[in-house]
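Overview (structure and organization)
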Amino acid sequence: MADEAQAADAAKKKKNGTIMVIAGVAILTVIGAGGGWVVGGMIAPKDPNAAQKHETAAAGGEHGKAGEKEEGLPHISTAANGVVLLEPITTNLAYPSENWIRLEVALAFTGPPELALAENIHQDILAYMRTVSLQQIEGPRGFQYLKDDIKERVDLRSQGKVAKVMFRSFVIE
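Residues numbered from 1 in each chain as written. Predicted model: local features only at pLDDT ≥ 70, side-chain atom pairs only at ≥ 80, totals over all residues. Heavy atoms only, no water.

Some words on the pattern of salt bridges
Applicable threshold: A pair is scored as a salt bridge if a Lys or Arg side-chain nitrogen falls within 4 Å of a carboxyl oxygen belonging to Asp or Glu. Secondary structure elements are defined from DSSP: runs of H or I of at least 4 residues count as helices, runs of E of at least 2 residues count as strands, and each element is numbered from the N terminus. When a residue's accessible area, from a 1.4 Å probe over protein chains only, is under 20% of the maximum for its type it is buried; when over 50% it is exposed; and in between it is partly exposed.
For the coordinates displayed, the defined rule picks out six salt bridges. As a salt-bridge pair, Arg 153 and Asp 124 come within 3.0 Å of each other at their nearest N and O atoms. Highlighted residues: Arg 153 in helix α4 (residues 139-158) and Asp 124 in helix α3 (residues 115-129), separated in sequence by 29 residues. Across the pair Asp 124 and Arg 157 runs a salt bridge whose closest N-O atoms are separated by 3.5 Å. Taken as a pair, Asp 124 in helix α3 and Arg 157 in helix α4 lie far apart in primary sequence, 33 residues in all. Residue class for Asp 124 comes out buried when judged on its relative accessible area of 13%. Owing to a relative accessible area of 38%, Arg 157 belongs among the partly exposed residues under this scheme. Among the charged side chains, a salt-bridge network with shared partners connects Arg 102, Glu 104 and Arg 168.

Structure, rendered in structure tokens:
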């Protein structure tokens, strides 16, 4: 009988210990989430023009919304955060000339996007792609060389105003 009482007492203590561990983990999780939220609010950049942008959008819409094409620039559409989406570049290769290439590129500007510069870069990439042969871009190494060449051309054309060239699609037919 004494053994049964001791066993019941041990089971009760074990159950209470498990509940205490679960409660402690739950409390620490809530504290951690709250602390992360507070620190995130302190670190996150604050946009001083957010209220003005919201009022402009409510009043009559913004010029150059994400995904809209800019008037007068047929090969350009803008996205958020200084990213400009260039229209797809479709042209035939230099050799063999029966092979076609389609390339979609986006440009991330360091400051406000310059759409005229983006149009010039689009035309420069198109002219360059017409000089490339299939043998130059075969395989992963050839694709890397093509990316490096285009990045170098964009850097020269933009004089450092474009931070990154992003390849959205690349198809050879």
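Things to note about the packing of aromatic side chains
For clarity, the threshold we go by: Between the rings of Phe, Tyr and Trp (Trp by its six-membered ring), a pair exists once the centres lie within 6.5 Å; its type follows the angle of the planes, with under 30 degrees stacked, over 60 edge-to-face, and the other angles tilted.
Under the criterion given, the structure shown has two aromatic pairs. Ring centres 5.9 Å apart and planes at 75° place the aromatic pair Phe 143 and Phe 167 in the edge-to-face group. Of this pair, Phe 143 sits in helix α4 while Phe 167 sits in strand β5 (residues 162-172), and the two are 24 residues apart along the sequence. Accessibility expressed as a relative area gives 21% for Phe 167, which makes it partly exposed. Ring centres 4.8 Å apart and planes at 50° place the aromatic pair Phe 143 and Phe 170 in the tilted group. Placement of Phe 143 in helix α4 and of Phe 170 in strand β5 is noted, with a sequence separation of 27 residues between them. For Phe 143, a relative accessible area of 25% puts it in the partly exposed group. For Phe 170, a relative accessible area of 26% translates into the label partly exposed. Three or more aromatic residues joined by ring pairs make a cluster, and in this case those are Phe 143, Phe 167 and Phe 170.

Notes on the pairing of strand β4 (residues 100-109)
How we decide: Whether two strands pair comes down to DSSP finding at least two bridges between them.
Among the ten residues of β4, eight are classified as buried, and the element is accordingly described as predominantly covered. Here strand β2 (residues 83-86) pairs with β4 via three bridges, running antiparallel. The residue of β4 that forms the bridge with Val 83 is Ala 108. Sheet analysis places strand β3 (residues 89-92) next to β4, joined by four bridges and oriented antiparallel. Bridging from a neighbouring strand, Asn 92 pairs with Trp 100 of β4.

Considering the nonpolar core
Where a protein is soluble and globular, its nonpolar side chains tend to be buried together. Put simply, the rule reads: To form a nonpolar core, buried Ala, Val, Leu, Ile, Met, Phe, Trp, Tyr and Cys residues must be joined to one another through side-chain atoms within 4.5 Å. A contact between two residues is defined here by any heavy atoms of the two lying within 4.5 Å.
Leu 107, Ile 125, Met 129, Ile 150 and Val 154 are the most contacted members of the largest nonpolar core, which has 25 residues in total. Those elements that provide at least two residues to this core are β2, β4, α3, α4 and β5. In terms of residue count, the dominant contributor to this core is α3 (eight residues). In this structure Leu 107 touches Gly 82, Val 83, Val 84, Leu 86, Ala 118, Ile 121, Val 154, Val 162, Lys 164, Val 165 and Met 166, once residues within four positions along its chain are discounted.

Topic: α3
Which entries qualify depends on this criterion: For a helix, the expected span equals 1.5 Å multiplied by the residue count minus one.
Taking 1.5 Å per residue, 15 residues should reach 21 Å; α3 reaches 21 Å between its end C-alpha atoms and fits that length. Every buried residue belonging to α3 is among Leu 115, Leu 117, Ala 118, Glu 119, Ile 121, His 122, Asp 124, Ile 125, Leu 126, Tyr 128 and Met 129, and all of these are buried.

What about the UniProt feature "transmembrane region" (unreviewed entry) in the protein chain?
Put simply, the test is: UniProt positions are given in the numbering used here, feature names are shortened, and annotations may be inferred rather than shown by experiment.
Under the UniProt annotation, the feature "transmembrane region" (unreviewed entry) is placed at residues 21-44. Summarising residues 21-44: 96% helix, 0% strand, and an end-to-end C-alpha distance of 34 Å.

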